[in-house]
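# Tertiary structure, described
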Amino acid sequence: MRILFITSSRIGDVVLSTGLLGHLVDTHPDARFTIACGPVAAPLLRAVPRLDRLIPMAKRPFGRHWLALWLACVGTRWDLVVDLRNSVVGRLLASRRFAVHQRRPGAHKVEEIAAVLGLSPPPAPRLWIDAGAAAEADRLLPPHAPFLAIGPTANWPGKEWPADRFAALAQRLTGPTGPLAGMRVAVLAAGSEAERARPVLAALGSAAIDLVGRTDPLVAAACLRRAALYVGNDSGLMHIAAAVGTPTLGLFGPGFPETYGPWGPAARTVVGAEPRAALFARWKAGEDGLMDSITLEAAEAAARSLCLRPALM
């Protein structure tokens, strides 16, 4: 059986689609998979079981990336094509079954993706971590020592909680009276976001484990599954942390936590007091400080509630 799975470009959306992908892996043990996704997110899927081909689909002018994908896939007769991009490619391939994504207003993205195959309840996102990623995590992290992980950056600065509050939160949680007392703090961010992560690293000093720009997405997953807690902005890292089962706190300003919040029983969100409409109006006006209404106290209370879960006792 051959299955073509066309998923998203962004890391977060790819992670949220892995519940559906995992369902296919589990329910079709004889299937071989071809997966197409954005090049940045592609490393996340390199360890999917029975993977025949992983196609990193870089965007090209005039939609030529879709032509390239069609050319790569047209020579195969597919048993199932799942197209989460609702592209023309899936409709132009020979397949016994074709399933396409449709928007479902009001639903979380995980629920929306599961509806492609009529699955309810929706399967939770998951990630498959290979030996190479696990070994690199072993190299980067202190052995056998739990830690707090934080993601102080995002794909645009308007979604970033102030750096000084991230540092203060980490210090409260890992300080002598904190629930993670004595733990070090792993700071994760893409290399392109290093300047924005630098103030957090500087404030934490020797307590920091600097992982900024040092991991690909699957190595980040291998690191995050060893964390006692993850706290971060609305970003792909947030979804990776939740998908590997780490208690995850997502901080949301001008975003949509009801649709893109971290998924799972050990996932929480904190939203600021400023109304979303006002935040978007400020964003359009070019203003900064869109996450300022999330207080340090609110984030700390939510983080502590996650630390009290039995898995962390």
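An account of the accompanying structure is given in this report. (Residues numbered from 1 in each chain as written. Predicted model: local features only at pLDDT ≥ 70, side-chain atom pairs only at ≥ 80, totals over all residues. Heavy atoms only, no water.)

## With respect to unusual backbone geometry
Geometrically, the link from Ser120 to Pro121 is a cis peptide bond, its omega value of 0 degrees lying close to zero. Looking at the element boundaries, Pro121 is found in the loop between α3 (109-114) and α4 (131-140). Here the phi dihedral of Arg50 falls at roughly 55 degrees; this positive angle occurs in a residue that is not glycine. Inspection of the secondary structure puts Arg50 in the loop between β2 (32-37) and β3 (51-56). If you check the backbone angles, His144 has positive phi at about 55 degrees while not being a glycine. (Helix = DSSP H or I, 4+ residues; strand = E, 2+ residues; numbered from the N terminus.)

## So, the pattern of salt bridges
A full pass over the atoms with the stated rule returns 19 salt bridges. Residue Arg46 is joined to Asp130 by a salt bridge in which the shortest nitrogen-to-oxygen separation is 2.8 Å. Here Arg46 is found in the loop between β2 and β3, whereas its partner Asp130 is found in the loop between α3 and α4, with 84 residues between them in sequence. With relative accessibility at 33%, the residue Arg46 sits in the partly exposed group. Between Glu195 and Arg198 there is a salt bridge whose closest N-O contact spans 2.8 Å. Residue Glu195 and its partner Arg198 are both found in helix α6 (residues 194-204); the two are separated by three residues, about one turn of the helix. Look at Glu195 and you get exposed, because its relative accessible area is 57%. Given the relative accessible area of 45%, Arg198 is considered partly exposed. In the salt-bridge network here, residues are joined through shared partners; they are Arg172, Glu297, Glu300 and Arg304. (Salt bridge = Lys/Arg side-chain N within 4 Å of Asp/Glu carboxyl O. Buried < 20%, exposed > 50% of the residue type's maximum accessible area, 1.4 Å probe, protein only.)

So, to be careful, I would describe these as geometric facts and stop short of saying anything about function.
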